[in-house]
Amino acid sequence: MSNKNEIITAYTLLQCNSCKEQSKRKFSDGDYVFKEILKCSSCDGQIIITKIFGESLTQ
Amino acid sequence: VDFSNLDILDEFFGMGDDSNPFMMLIWFLPIILFVFYGQRIQLIITSRDIKKSMSELEQFRNDSRDELINYIKHKLSPNGDPTQKLDRFFDYFTIMPVDIDPNGIIPKIHNLVRSREDTTRKQVKSMFTEISTLEVTKVQNLLEIVTTLQLLHRIVRHFFLTAKKQNNYPLILPLQMMLPFIMEQAEALKDAVPAFKQGQPIGDGIGPLVVGGMMLDTKKQKAEFETVYSESEFNDRKLILLKAEGPYATVGRPGEATESLVEKLKPNIIIMIDAALKLEGEDTGDVAQGFGAAIGGIGTDRFKIEAIATKHDIPVFAIVVRQSVRDAITLMKKEISDQAENVRNQVYEMITDNSNPNETVLVIGVGNTLGVAQ
């Protein structure tokens, strides 16, 4: 059974497929894994979503 | 009050004197009561717990129903009020084929499951003038959640009321034993609703996540309905990568797709990646390797894969990521998604160890690919 005080937040992990730079932000509507987001600001490579996952905060 | 002198009490209750009739009555009354009414008393006590669980189940069912109706009304644009139609869907039942003679039962089950899926899809589409495939699959999954919760509530209520009606305590015992498992499943289903509404990957999507990563920058082709494959190369081996079409909320048709790909491309080995239920004491995200077709569901897809592999004498290998029922149908936990790279490496290792250069390997990512493209 789930912990009643557990709050799960969804995060999206982004990664540039060229320089491999990663960033993490909160999940937003329309995100899905392997979605191409935008160009990397440092190397102009393609940034894609590599993971979407839930992390729990127990109160 | 001075209790130091207990002579009066001793005299009244006859402590130490077994022949006192009043004392005998005190001892015999509960024995007689429990002999004749024991089961009824137990039924009353047990009923209280079951009633509590039943109202929780009803609450889960109502909440998920309301969430689905609100989602359709406010996020999508239905033709009119969909409430009545949806309420009819929730009551849909499936009559399983006769199994007295089990010969040939798999095609019958397969036909039944497919016709149910196709009808539900058509009915969902008929509620809208325009709706995307992603939304259709999401609504289909949400419908399945509410229908299952409704069914669980009805079954529990049926057994409970029958036991009460007949004052039959033994009838309530199996229900009492099964209730924690039923409630665990029901709670997992209720918690799955937000992930399906928002299109987030679920724990069961680890197989598609692994194979989807391997399919990046390859040409995707349709293998079957809502199922895609692509061809790639690794260490002089030809790889055929197969998964359900993401980011839709679907498991695709891995059985039929494997049949057609095996006939067409003649792979030498098959590797399947799936989520598997963990046992108590095991950790979520544990990875294990084994043999055989790693695929859940009602059994028709597994049957097809086993049959075609046997026909062509193809060994089937499996890699599973262990998780609970709840983990499998709710937002993918970090512990599970963190295993994607590890599993991918294990797949490549398995390919090298079990095939030779110039051979063909079919890699299947099994599971619901919601929120995972390719």
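As shown above, the structure is provided for reference.
Residues numbered from 1 in each chain as written. Chains lettered and ligands numbered in written order. Predicted model: local features only at pLDDT ≥ 70, side-chain atom pairs only at ≥ 80, totals over all residues. Heavy atoms only, no water.

Asks: What exactly am I supposed to notice about the packing of aromatic side chains here?
Replies: By convention here, two paired aromatic rings are described through the distance between centres and the angle between planes. All chains considered together, the criterion is met by four aromatic pairs over all chains. With a centroid separation of 6.3 Å and an interplanar angle of 40°, the aromatic rings of Tyr-11 of chain A and Phe-53 of chain A are classed as tilted. One end of the pair, Tyr-11 of chain A, is in strand β1 (residues 6-16); the other, Phe-53 of chain A, is in strand β4 (residues 46-58), and 42 residues separate them in sequence. Accessibility classification places Tyr-11 of chain A together with Phe-53 of chain A in one group, the buried group. Between Phe-234 of chain B and Tyr-348 of chain B, the aromatic rings sit 4.4 Å apart at their centres with planes inclined by 35°, giving tilted as the arrangement. Residue Phe-234 of chain B is found in strand β2 (residues 227-234), and its partner Tyr-348 of chain B is found in helix α12 (residues 340-354); the two are separated by 114 residues along the sequence. Taking relative accessible area as the criterion, Tyr-348 of chain B reaches 23% and is therefore assigned partly exposed. Directly above the ring of Tyr-11 of chain A sits Lys-24 of chain A, whose terminal nitrogen or CZ lies 4.5 Å from the centroid. Sitting above the plane of the Phe-53 of chain A ring, Lys-334 of chain B keeps its charged end 5.7 Å from the centroid. (Phe/Tyr/Trp six-rings, centres within 6.5 Å; stacked < 30°, edge-to-face > 60°. Helix = DSSP H or I, 4+ residues; strand = E, 2+ residues; numbered from the N terminus. Buried < 20%, exposed > 50% of the residue type's maximum accessible area, 1.4 Å probe, protein only. Lys NZ or Arg CZ within 6 Å of the ring centre and 35° of its normal.)

Asks: I tried to follow the pairing of strand β1 (residues 221-224) of chain B on my own but got confused; where do I start?
Replies: Regular strands have side chains that alternate between both faces of the sheet. Residues and elements named next belong to chain B. Note: β1 against β2, three bridges, orientation antiparallel. Its bridge partner being in β2, Lys-222 is matched across the sheet by Val-228. In this structure, the hairpin formed by β1 and β2 is closed by a connection of two residues, where Glu-226 is found at a positive phi of approximately 55°. (Pairing = 2+ DSSP bridges.)

Asks: Please clarify how the sheet that holds strand β6 (residues 316-323) of chain B should be interpreted in this entry.
Replies: Adjacent strands of a sheet pair through backbone hydrogen bonds, lying either parallel or antiparallel. All names here are of chain B. Strand order in this open sheet of seven strands is β1-β2-β3-β7-β4-β6-β5, and the pairing throughout is mixed. The open sheet is flanked by β1 and β5 (287-291), the only strands paired with a single partner. Pairwise comparison of adjacent strand axes, ignoring direction, gives a mean angle of 30° for this sheet. Across six bridges, the pairing between strand β3 (residues 237-244) and strand β7 (residues 360-365) is parallel. Looking at β7, one finds that Leu-242 is bridged to Ile-364. Against the sheet, α12 makes contact with β2, β3, β4 (269-277), β5, β6 and β7, and its axis sits at roughly 160° relative to β6, the strand it touches most. (Axes fitted to C-alpha atoms, helices over the stretch in contact; angles between N-to-C directions. Contact = heavy atoms within 4.5 Å.)

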